Structures are given as C-alpha cells and as structure tokens.
Amino acid sequence: MQAWKEYQEVNKGRFLQELTELLRIPSVSARSEHKPDMQTCAKAVRTALLEAGADKATIFATDGHPIVYAEKIIDPAKPTILVYGHYDVQPADPLELWHSGPFEPVVKDGKLFARGSADDKGQVYMHVKAFETMVKTGTLACNVKFIVEGEEEIGSPNLGKFVESRAALLACDVVLISDTSMLSLDTPSIDVGLRGLTYIEVAVTGPDRDLHSGVYGGAVGNPITTLAEMIASLHDKHGRITIPGFYDDVRELPATERAELARAPFDEAAYKKDLGVKALWGEEGYSTNERTGIRPTLEVNGIWGGYTGEGAKTVLPSKAFAKISCRLVPDQGSAKITKLLIDHLHKIAPPYVTVEAHEHHGGEPYVTPVDSAAFKAASKAMETTFGKTPIPMRGGGSIPITALFERALGVKVVLLGFGLDSDNLHSPNEKFDLANFYKGIETIPYFHRFFAEMHPHG
Ligand code: BES
Ligand code: MN
Ligand code: MN
C-alpha cells in the first residue's frame, strides 16, 4: 500500500535512531544490578507506544520486572491483535569477544550490532513503528494491544499469573509475536512451532569437605567423576535420551508434515563451517532441522566444581555441580519431564554420593495450526512483501509464555519472526540486519489487514 511505504521511507532514519536509543539501556533481567535499568527501559517502551499512537499505556509492577501494556481500540466490532514481546536481554558477557560495546549500538555493513537488537527489542520496535505507520496513515484495520515484558530471558516467572488474572484486559483474537528467526530474506519462513523447556540444577556431594587427593584419592569417590559419568549416561550411542519415560508423550510427526519441513533448504557444509565443527551429531534417523525442531533434547549448560584457579591444587573435591536443560516437543509437559529427570538422577547416583536437584524454570511446547486464520494471514503478509510463500518451520528455541496465551485467552499464537539464526542471539556481537528490520515494519501492517479480512468475526 502506497501510503504505508511512503510514510516508512520518509521516517526510516528516525525509526533506526529511536531503536538505537532503546538498545543503549542495559536491560539485563538476570542481574540484580540492572534493576534500575529495567525500570528505565519499561518507561522508554511505554513512551514509545504512546508516541506511536496508543490511547493508553500502563506500567504494571510485578514481583520481578515491570510489564508494559498499551492499547488502541478503534472499534469493538473489529478483531483485536495482541502483540507480545520482551524488552529484557541476556547478559552480554563474555565482553571481551564483542567488537563494539554491547550497549553502544553501531551500524556496520547494514547490520545493527547491540545486545537485544534482534532478541527482542528490534523486533518489538518493528511492531511499534508498524503501528505508528497505520495510525498516522489512518489505516488501522484491527484493535491493537501490546504486552511487553521484562522477564522472558529468565523464564517469565511473573507473566503467567498476570495473563491469567487479567484475561479481560488482554482479550483478543490472536497473539502476534516477533521473537523468532526466518531462513533468510530470500527464503522467508514462519515458525509454526516452538519447543518447551525444563531447566534444573544438580549438586553432587561426596565427602563432607575437600580432601587431600593423595591421602584419600583411590579410596573415596570423586563427585566430579561421578557427575560426569551420570551425565554421560543420559544419552545412548544413537543420540537418544536414556531417561525411562522421556519419549512417552512425544507426538511423532506424520510423514506428510515431515516432508513439508524437508522443503526448507539446508546446506550442511555451510552449517558446519559457520559453527567451526567438522561433523554434526544428533539422534539417529532424523535430519538436522528435525533434531532442532521436532525432537526433544537434553543439554548440559554448565558444569563446575573443585579447583579451577591459577596453578594446580591436588584436591579431591567435596562437590560438583551442573545445569541441565531439556527442550520439549508436543505433547511433553515441562513439570512431568522435570520430575522424570530429577528422579532419574537420584536413581543412577552411586551410594558414595548424595544428589540434590531443583528446577529453575520451564515452559510448554507450542504449535500454530497452518489452517488457522492467524497463520494464513501471516503467510499472506509475508508473501505480499517477499514475493514468495513462506516455508513453515519449527523453531528450536522457547518462548515460555506462548502456550499459556492460548490456554488463558483461548486464541492462537502466530510467530512472525524477522531475525536470522546467524544473528548471534545470546552470543557476543548480536546483530539485526536493517533490511530485516525494515521488512518487518513493512510486513506487519499487511498482517493486520489480512487478519481483519480473514478472521471470522472481523
Ligand atoms: N527469542 C528467543 C527464542 C527463540 C529464538 C525462538 C530463536 C526461536 C528462534 C527467546 O528470547 C529465548 O531466548 N528464549 C529462551 C527461553 C528461556 C530463557 C526460558 C530460550 O529459548 O532459551
Ligand atoms: Mn526473545
Ligand atoms: Mn532470548
């Protein structure tokens, strides 16, 4: 539509400038020293939404970081789109691997480098600027609500309660999230699934204090060796997880859907080269895209214990620790898998150690049906601006609140992501291609228009 394009062309420099300011706020949800920055960032998001044309915008305090809510209701008879995103970011370290400061955004080769540029401030900002475009050109087709939280990267511990208790405020016809990736600007795709998550921490204790490894070594079980053995036993030689019952609720994909997923182009040599590995690994019988999309996994996120300081210390440590997570697929349940995993760790522990384990956070898997109005509107919107029908994909990551939106609000969630897997999410040198940023701003108004046309009550 000409009016949208013109408005965006004239204002694109300002859009980028405003996003840059948002990226300067180090809104790291995991670190208590950034608590004031979370407040600052929530206020900045609220101001941006009001300036873009929201009728009202509120900051809701939670037991953790604040939630920003805004809305513009043009006509109660029209469908309502609830846009969800997060203004918090992952910690930036290791800092020494960044080419420029994580909170000092720079544009290089058409890419905007900063923590949060793609995950998720840049993608939230696409919605703010698409909304502004529709408001300023008088072309809003739907009512719009925004919910932008500050705790996604720590598992959304307070959002569930908020959504359940304020279902009336958040009432809508679809939830629209831009917090995922697509294949490339040449090959648009839409994630029709997200994996769930279960995350635990385990401590293995042997002797009640660190021991001289010469005096006692050989007679007392080493907790680090023991934990390493326990962890190693969690996969078999076929890349399958050995926890009894782990796969019980996994819904196998019908051959037709596997064939549809296999349409996504995949260059194994380029994939390996990009990651710096000589060979890939994974569950036998599944392709790489299937291993990251439709199959559950178990990863050790960190392991520590004993002496790791300078020089050498001959010690038989008392304790060893690990952080372990599983990605889950339909119809696995996070609470059930957490229990299976913790019980299993207790069961396989030898008698010379004790095991303590607790949960950090979790989230349920989600799938958007491709025959829903939500998916069809998203697909048609991308087709309009990319000139190609997007490929339905399965995203390997998790957005913990997604399944709860469907359960609490009774609507479908559509994942209209404009990032790339190569954006270095959670890594040093996170970036967002400006071409993707602008393409998102261009595509989102089409989603609003097509959803208004396709939605049964619209
Ligand atoms: N935006 C990501 C999730 C994502 C990224 C999904 C790319 C699909 C493709 C989100 O911010 C994220 O990182 N989620 C965490 C959840 C966790 C911290 C509870 C994840 O997946 O590890
Ligand atoms: Mn995200
Ligand atoms: Mn993230």
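Residues numbered from 1 in each chain as written. Chains lettered and ligands numbered in written order. Predicted model: local features only at pLDDT ≥ 70, side-chain atom pairs only at ≥ 80, totals over all residues. Heavy atoms only, no water.

- The protein appears in an unreviewed UniProt entry as Acetylornithine deacetylase/succinyl-diaminopimelate desuccinylase-like protein from Dinghuibacter silviterrae.

## Notes on the overall build of the protein
Working step 1: The helix and strand tally for the protein stands at 12 helices and 20 strands.
Working step 2: Here the C-alpha atoms of the protein give a radius of gyration of 23 Å, agreeing with the 23 Å that 2.2 N^0.38 yields for 458 residues.
Working step 3: C-alpha atoms of the protein, sized along the principal axes, occupy 80 × 50 × 45 Å.
Working step 4: Counting all 458 residues of the protein, 53% fall into the buried class.
Working step 5: Contacts spanning at least 24 positions in sequence make up 80% of the contacts within the protein whose residues lie at least 6 apart.
Working step 6: Element-wise, carbon and sulfur atoms account for 53% of the exposed surface of the protein, whose accessible area totals about 20,000 Å².
Working step 7: Taking the average place of the 48 positive charges on the side chains of the protein and the average place of its 60 negative ones, the gap between the two points comes to 2 Å. (Helix = DSSP H or I, 4+ residues; strand = E, 2+ residues; numbered from the N terminus. Rg over C-alpha atoms; globule rule 2.2 N^0.38 Å. Buried < 20%, exposed > 50% of the residue type's maximum accessible area, 1.4 Å probe, protein only. Contact = heavy atoms within 4.5 Å. Areas by Shrake-Rupley, 256 points an atom, 1.4 Å probe, with all protein chains shown as cover. Lys, Arg positive; Asp, Glu negative; His and termini not counted. Charge placed at Lys NZ, Arg CZ, Asp CG, Glu CD.)

## Notes on helix α10 (residues 373–386)
Working step 1: Along its 14 residues, α10 runs 20 Å from first to last C-alpha, staying within 8% of the 20 Å computed at 1.5 Å per residue.
Working step 2: Restricting attention to buried positions, one finds in α10 the residues Ala374, Phe375, Ala377, Ala378, Ser379, Ala381, Met382, Thr385 and Phe386.
Working step 3: Buried residues along α10 sit against β7 (174–177), β8 (181–182), β9 (189–194), β17 (391–394), β18 (413–415) and α12 (434–454).
Working step 4: Directly after α10, the chain includes Gly387, whose backbone phi takes a positive value near 75 degrees. (Expected span 1.5 Å × (residues − 1).)

## Structural notes on the sheet that holds strand β20 (residues 431–433)
Working step 1: Sheet architecture is open: three strands sit in the order β4-β5-β20, paired in antiparallel fashion. Of all the strands in the sheet, the pair left with one neighbour each is β4 (106–108) and β20. Strand-to-strand twist in this sheet, taken as the mean axis angle between neighbours without regard to direction, amounts to 25 degrees.
Working step 2: Relative to β20, strand β5 (residues 111–113) runs antiparallel, the two being bridged by three bridges. Directly across from Lys111, in β20, lies its bridge partner Asp433.
Working step 3: Those strands touched by α12 are β4, β5 and β20, and its axis lies near 60 degrees from that of β20. (Pairing = 2+ DSSP bridges. Axes fitted to C-alpha atoms, helices over the stretch in contact; angles between N-to-C directions.)

## Things to note about the nonpolar core
Working step 1: Formed by 65 residues in total, the largest nonpolar core has its most connected members in Phe418, Phe437 and Phe447.
Working step 2: Counting 26 residues, the second-largest nonpolar core is a separate cluster that includes Leu227, Tyr247, Val250 and Leu345. (Core = buried A, V, L, I, M, F, W, Y, C linked by side-chain atoms within 4.5 Å.)

## Some details on the environment of Thr133
Working step 1: In this structure, Thr133 sits in helix α3 (residues 121–136).
Working step 2: Relative accessible area serves as the criterion here: at 0%, Thr133 is assigned to the buried category.
Working step 3: Considered as a pair, Thr133 and Gln8 are 125 residues apart in the sequence and their alpha carbons are 7.0 Å apart.
Working step 4: Sequence-distant contacts of Thr133, that is, excluding residues within four places in its chain, are made with Trp4, Tyr7, Gln8, Phe15, Thr139 and Ile441.
Working step 5: In this structure the side chain of Thr133 is engaged in a polar contact, spanning 3.2 Å, whose partner is the side chain of Gln8.
Working step 6: Here the side chain of Thr133 touches Lys129 through a polar contact of 2.7 Å, landing on its backbone oxygen. (Polar contact = N/O pair within 3.5 Å; in protein donor to acceptor, adjacent residues only side chain to side chain.)

## A closer look at the coordination of the manganese ion (ligand 3)
Working step 1: Coordination of the manganese ion (ligand 3) by the protein is provided by Asp119 (OD), Glu153 (OE), Glu153 (OE) and His426 (NE2), with metal-donor distances spanning 2.1 to 2.6 Å.
Working step 2: Coordination at the manganese ion (ligand 3) is irregular, judged from the six donor atoms that bind it and the angles of 55 to 156 degrees they form at the metal.
Working step 3: Counting residues between consecutive donors of the manganese ion (ligand 3) along the chain gives the motif D-x33-E-x272-H.
Working step 4: If you look at the manganese ion (ligand 3) and the manganese ion (ligand 2), they sit 3.6 Å from each other and are both ligated by Asp119. Of this pair, Asp119 sits in the loop between β5 and α3 while Glu153 sits in the loop between β6 (143–149) and α4 (159–165), and the two are 34 residues apart along the sequence.
Working step 5: Among the residues examined, Asp119 registers a relative accessible area of 8% and is labelled buried. (Donors = N, O, S within 2.8 Å, 3.2 Å for Na, K, Ca; no water. Tetrahedral: all angles 85-135°; square planar, octahedral: opposite > 155°, others 65-115°.)

## Looking at the packing of aromatic side chains
Within a pair of aromatic rings, the relevant descriptors are the distance that separates the centres and the angle that separates the planes.
Working step 1: In this structure the tally under the stated criterion is 13 aromatic pairs.
Working step 2: With a centroid separation of 4.9 Å and 85 degrees between ring planes, the pair formed by Trp4 and Tyr446 is classed as edge-to-face. Separated by 442 residues along the polypeptide, Trp4 in helix α1 (residues 2–23) and Tyr446 in helix α12 bring together distant segments of the chain. Like Trp4, the residue Tyr446 is buried in the burial classification.
Working step 3: The ring of Phe386 has Lys439 sitting right over it, with the charged end atom 5.3 Å from the ring centre. (Phe/Tyr/Trp six-rings, centres within 6.5 Å; stacked < 30°, edge-to-face > 60°. Lys NZ or Arg CZ within 6 Å of the ring centre and 35° of its normal.)

## Points about the coordination of the manganese ion (ligand 2)
Working step 1: Here the manganese ion (ligand 2) is held by His86 (NE2), Asp119 (OD), Asp179 (OD) and Asp179 (OD), and the distances to it run 2.0 to 2.3 Å.
Working step 2: Here the manganese ion (ligand 2) binds six donor atoms, and the angle range of 58 to 167 degrees at the metal identifies the geometry as irregular.
Working step 3: Mapped onto the sequence, the residues coordinating the manganese ion (ligand 2) show the spacing H-x32-D-x59-D.

## Describing the site of ligand 1
Working step 1: Neighbouring residues of ligand 1: 17 residues in total, closest Glu152, Asp179, Arg327, Ser398 and His426.
Working step 2: The side chain of Glu153 places a nitrogen or oxygen atom 3.1 Å from an oxygen atom of ligand 1.
Working step 3: One nitrogen or oxygen atom from the main chain of Ser398 is found 2.7 Å from a nitrogen atom belonging to ligand 1.
Working step 4: Compared with its free state, where it exposes 520 Å², ligand 1 has 90% of that area covered by protein.
Working step 5: For the shell around ligand 1, the residue count by class is four nonpolar, eight polar and five charged.
Working step 6: Of the domains in this structure, domain 1 (2–194 + 365–454) and domain 2 (196–250 + 296–363) are the two that each give at least three residues to the shell around ligand 1. (Near = heavy atom within 4 Å. Nonpolar A, V, L, I, M, F, W, Y, C, P; charged D, E, K, R; others polar. Domains from an automatic or database assignment.)

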